Amino acid sequence: MSLGRRNAMTLGAGAIALAATGGAVPPVSAAETGQAERGPAVPSDAELARSLPGGFTSRHAEVNGVRLHYVSGGSGEPLVLLPGWPQTWWEYRKVMPALAARYRVIVVDLRGMGGSGKPASGYDKKTMARDVRELVRALGHDRVNIAGHDVGAMIAFSFAVNHPEATRRLALLDVTHPDDSYYEFRMLPQPGQAFFPWWFAFNQVQGLPEQLVSGRSRYLVDWIFDYLLVDKSAIGDRDRAVYAKAYSSPDAVRGGNSWYQTFGQDIEDHRTYGKVTAPTLGLAHSAFHPRMNQVLPTQATDVRVAELTGTGHYFVEERPAAVVGHLTGFFG
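Worth saying up front: this structure is predicted, and the values here are computed from it rather than measured.

Q: Tell me about the overall build of the protein chain, and please be specific about residues and values.
A: On a plain count of helices and strands, the protein chain comes out with 15 helices and 8 strands. Taking all contacts inside the protein chain whose residues are at least 6 apart in sequence as the whole, residues at least 24 apart take part in 71%. Carbon and sulfur atoms provide 53% of the accessible area of the protein chain, an area that totals close to 13,400 Å².

See below:
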């Protein structure tokens, strides 16, 4: 049975096509679907960086065998910000100008993300923390404040526990490092279960996500944000287009998947870690706050945990003023 290529514009149709042909499904172009990657034109990273107050610039550095993209601006003590999935450095756009008034802000696209390289390996959080450590050194900094959201929080934690000499203070936004409890995520949601992270399993699959999502990433981006935001307008059409473009190619989808596919190694590494000794802030929205409050004191020696109400997982964009207040109050 022949399937029209236009029918492959959804994830479900893509799966049917794959089963029917027994081979790879090529990404569907915008011309073929009329809207596969809908949305406004996306400026370059350099143009986006220049659009923010604070003298921000977009640059690259070769460190730890990978080319990392980063955006920096402001002056003062260095503050490293690490984004999460499915985002890029642009996640911090609403807080960067205010933070740049007090700190030298360095926002990094992780290995596999945005303008950074997407090698075949090295996506365990210890290696990715080494990426950031070598970038910090290349930029001439001995010690930094560091904050991460989502996957970025995992890497920020790994940075602090593996490189204590380089860590002044640590902030984890809404996620803790993978540990044995990650094996307890349910395959099926229980009735009434508010949070069902199906993408943890989806991103574990080898090869198939690239075939289904490439050229259609806007569908995934919109679904994730609409599911995990309280105010869906907090991440607007242009912002979603920025993120969709960043995850539109097979290599980009694979890079993001790889952060999840290495959770097993991350859990093994976590078993060998002691506690973070740097002062640590956990910032979480209401649904995750109880877990953050329970777990973080077992992972660090000097901990404070704060709750953000009226927001979802992407609170850097949903409640930027509150995030700035907590970060400046903590980092000083």
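Next, the rest of the story.
Q: How would you summarise the sheet that holds strand β4 (residues 103-108) if you had to cite specific residues and measurements?
A: A sheet is described by the order of its strands in space; here 8 strands give the open sequence β1-β2-β4-β3-β5-β6-β7-β8, paired in mixed fashion. The open sheet is flanked by β1 (57-63) and β8 (303-308), the only strands paired with a single partner. Here the strands of the sheet are splayed against their neighbours by 20 degrees on average, with no regard to which way each runs. Packed onto the sheet, helix α6 (residues 151-162) meets β3 (77-82), β5 (144-149) and β6 (167-173) and runs at close to 150 degrees relative to β5.

Q: So what about the environment of Tyr103? Which residues, and what values?
A: When you line up the elements, Tyr103 lands in strand β4. Assessed through its relative accessible area of 1%, Tyr103 is described here as buried. Along the primary structure Tyr103 and Glu77 are separated by 26 residues, whereas in three dimensions their C-alpha atoms are 5.0 Å apart. The residues contacting Tyr103, other than those within four sequence positions of it, are Gly73, Gly74, Ser75, Gly76, Glu77, Leu79, Leu327, Thr328, Phe331 and Gly332.

Q: Explain the environment of Asp142 to me, and be specific about the residues and the numbers.
A: Along the polypeptide, Asp142 turns up in the loop between α5 (125-138) and β5. Among the residues examined, Asp142 registers a relative accessible area of 63% and is labelled exposed. Expressed as a C-alpha distance, the spacing of Asp142 and Pro78, which sit 64 residues apart in the sequence, is 9.5 Å. Ignoring anything within four residues of it in the chain, the contact list for Asp142 reads Arg133, Glu165 and Ala166.

Q: Please set out the environment of Tyr247 residue by residue, giving values where relevant.
A: Positionally, Tyr247 belongs in the loop between α10 (237-246) and α11 (250-261). Considered as a pair, Tyr247 and Trp85 are 162 residues apart in the sequence and their alpha carbons are 9.7 Å apart. The residues touching Tyr247, leaving out its near neighbours within four places in the chain, are Gly84, Trp85, Pro86, Gln87, Met113, Val213, Ser217, Ala252, Val253 and Trp259.

Q: Describe in detail α11, supporting the description with residues and values.
A: Taking 1.5 Å of rise per residue, 12 residues should cover 16 Å, and α11 covers 16 Å from first to last C-alpha, within 8% of that figure. Within α11, burial applies to Ala252, Val253, Gly255, Gly256, Asn257, Ser258, Trp259 and Tyr260. Looking at the buried positions of α11, the neighbouring elements they touch are α5, α6, α7 (198-202), α8 (208-213), α10 and α12 (263-272).

The rules behind the values
Residues numbered from 1 in each chain as written. Predicted model: local features only at pLDDT ≥ 70, side-chain atom pairs only at ≥ 80, totals over all residues. Heavy atoms only, no water. Helix = DSSP H or I, 4+ residues; strand = E, 2+ residues; numbered from the N terminus. Contact = heavy atoms within 4.5 Å. Areas by Shrake-Rupley, 256 points an atom, 1.4 Å probe, with all protein chains shown as cover. Pairing = 2+ DSSP bridges. Axes fitted to C-alpha atoms, helices over the stretch in contact; angles between N-to-C directions. Buried < 20%, exposed > 50% of the residue type's maximum accessible area, 1.4 Å probe, protein only. Expected span 1.5 Å × (residues − 1).

Don't take any of this as a statement about function, it's just geometry.
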